[in-house]
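What follows is the residue order along each chain.
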Amino acid sequence: MPAHRPILATLVALVTLLLAACGSAGPPQADEQPLVLAAAEPLAAGTVGAVDVAGRPVEVHVPPGYDATRPAPLLVVLHGFGSDAARVDALLGLRADALARGVLYALPQGTEGPDGRRFWNASDACCGVDRGGVDDSAYLAQVIRTLAATYAVDPDRVAVVGYSNGGFMAYRTACDHADLVSVAVSLAGAMPADDGACRPSRPVSVVQAHGTADPVILAGGGLRDGHAYPAAAESAAAWARLDECAAPTTAPVRRDLDSAVPGPETTVTTWAGCAGGATVELWSIAGADHAPTLARSFTTAVLDLVTGGR
């Protein structure tokens, strides 16, 4: 990697800390996370390691063909409520093909709550009640910035893919930090009930994937902790409005995304003609529950979006 990249990032971090010290009347409050942009020591191509961001470990996999002179796509994967990075990595099955395509692959961990279960504070519906004021939106922005300061990252190929609570969090990150995120994929997650709370600064390509038989996060929308979340189709339509897309396709497109359901069970609805070349898709997986048995075609479809088909 170019030698100036870690040095520049370190200088930025020092200046930030000095300005904060001069302008602050006291130490930061307990719920504030200081902005740390210093680059970590980059890992060699083809290796895996942990990067500390705000006291929380992020598992980073560097593809074998990584070249610091050629910006690479970045994929950040978010686990579900009560789960962890290892389990969502196994569930989604994206890592091997992502690395083969030259994608930097990152697995952050949510915060461990009082009950011992990890969570992302994505929304009141999932899972922001009694969670200690954790600001995971700011934290994940910090993760992306730290990795971009450490590695050569293509700013137009930064994807956040989340499952369940992580799917809610992928949307929250894209809403709050569209300057950093170009792709958001939510499997069994949802947008906020009021999509007016989402104000992305630029168009984001989005996939809403959901099993029609999901008993945990209902495909037709519902309530969690007394707070509403929208239907899968409404979440996709909300992004289509935000991205200023044309009308969706009317002819059904079928894919086989769940290997446990016979045949091409998934109906794909696509909104094209979106601002900035973005796309919005709804993958409705007929008969699938909260954790579909994802086929290789799911991996291919997600990574085509992340990498632009390369």
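Calculation rules
- Residues numbered from 1 in each chain as written.
- Predicted model: local features only at pLDDT ≥ 70, side-chain atom pairs only at ≥ 80, totals over all residues.
- Heavy atoms only, no water.
- Helix = DSSP H or I, 4+ residues; strand = E, 2+ residues; numbered from the N terminus.
- Buried < 20%, exposed > 50% of the residue type's maximum accessible area, 1.4 Å probe, protein only.
- Contact = heavy atoms within 4.5 Å.
- Areas by Shrake-Rupley, 256 points an atom, 1.4 Å probe, with all protein chains shown as cover.
- Disulfide = S-S within 2.5 Å.
- Phe/Tyr/Trp six-rings, centres within 6.5 Å; stacked < 30°, edge-to-face > 60°.
- Lys NZ or Arg CZ within 6 Å of the ring centre and 35° of its normal.
- Pairing = 2+ DSSP bridges.
- Axes fitted to C-alpha atoms, helices over the stretch in contact; angles between N-to-C directions.

S.K.: Help me get a handle on the overall build of the protein, residues and values and all.
M.R.: What the protein contains, in helices and strands, is seven helices and 14 strands. Within the span of the protein, comprising 310 residues, buried residues form 49% of the whole. Within the protein, contacts between residues separated by at least 24 positions form 67% of all contacts whose residues are at least 6 apart in sequence. With an accessible surface of roughly 13,200 Å², the protein has 57% of that area assigned to carbon and sulfur atoms.

S.K.: Explain the state of the cysteines residue by residue, including any values.
M.R.: Under the counting rule described, the total for this entry stands at two disulfides. Cys175 shares a disulfide with Cys198; S-S distance 2.0 Å. Linking Cys175 and Cys198, the disulfide has an S-S dihedral of approximately -100° and is accordingly described as left-handed. Remark: Cys198 occurs in the loop between strand 8 (183-187) and strand 9 (205-211) and Cys175 occurs in helix 5 (residues 165-176); sequence separation between them is 23 residues. Using a relative accessible area of 2% as the deciding quantity, one classes Cys198 as buried. There is a disulfide in this structure between Cys245 and Cys274, and the S-S distance comes to 2.0 Å. Taking the torsion about the S-S bond as the criterion, the Cys245 to Cys274 disulfide, at about 105°, is right-handed. A residue pair is termed long-range when its members are at least 10 positions apart, and Cys245 in the loop between helix 6 (232-242) and strand 12 (253-255) and Cys274 in the loop between strand 13 (266-271) and strand 14 (280-285) qualify at 29 residues. On the basis of relative accessibility, which here comes to 18%, the residue Cys245 falls in the buried class. For Cys274, a relative accessible area of 8% corresponds to the buried category.

S.K.: I'd like to hear about the packing of aromatic side chains, residue by residue, with values.
M.R.: For the structure on display, the rule yields four aromatic pairs. Ring centres of Tyr66 and Tyr151 lie 5.7 Å apart, and the angle between their planes is 80°; on these two criteria the pair is classed as edge-to-face. Residue Tyr66 is found in the loop between strand 2 (56-61) and strand 3 (72-78), and its partner Tyr151 is found in the loop between helix 4 (136-150) and strand 7 (153-163); the two are separated by 85 residues along the sequence. Residue Tyr66 is classed as buried on the basis of its relative accessible area, which comes to 15%. Summarising the aromatic geometry, the rings of Tyr171 and Trp239 are spaced 6.1 Å apart at their centres and angled 40° between planes, so their arrangement reads as tilted. One end of the pair, Tyr171, is in helix 5; the other, Trp239, is in helix 6, and 68 residues separate them in sequence. Residue Trp239 is classed as buried on the basis of its relative accessible area, which comes to 0%. For Arg56, the ring lying beneath its charged end belongs to Tyr139, and the centroid distance is 3.7 Å.

S.K.: Which residues make up the pairing of strand 9, and what are the values?
M.R.: Of all seven residues in strand 9, seven are buried; the element is thus mostly enclosed. Residues of strand 9 alternate between two faces, with Ser205, Val207, Ala209 and Gly211 on one and Val206, Gln208 and His210 on the opposite face, all of them buried. With five bridges connecting them, strand 8 and strand 9 associate as parallel partners. Its bridge partner being in strand 9, Ala184 is matched across the sheet by Val206.

S.K.: So what about the sheet that holds strand 13? Which residues, and what values?
M.R.: Taken together, ten strands build an open sheet; the order of strands is 1-2-4-3-7-8-9-14-13-12 and the sheet is mixed. If you trace the sheet from one side to the other, it starts and ends with strand 1 (48-53) and strand 12, each paired once. Going from strand to strand, the sheet's axes swing by 20° on average, the running direction of each strand aside. Sitting on the sheet, helix 2 (residues 85-92) is in contact with strand 3, strand 4 (104-108), strand 7 and strand 8, with an inclination near 135° to strand 4. Against the sheet, helix 5 makes contact with strand 3, strand 7, strand 8 and strand 9, and its axis sits at roughly 145° relative to strand 7, the strand it touches most.

S.K.: Please set out the side chain of His61 residue by residue, giving values where relevant.
M.R.: In this structure, His61 sits in strand 2. Beyond its immediate stretch of four places on either side in the chain, His61 contacts Thr47, Val48, Arg95, Leu99, Val103, Leu104, Tyr105 and Leu107.

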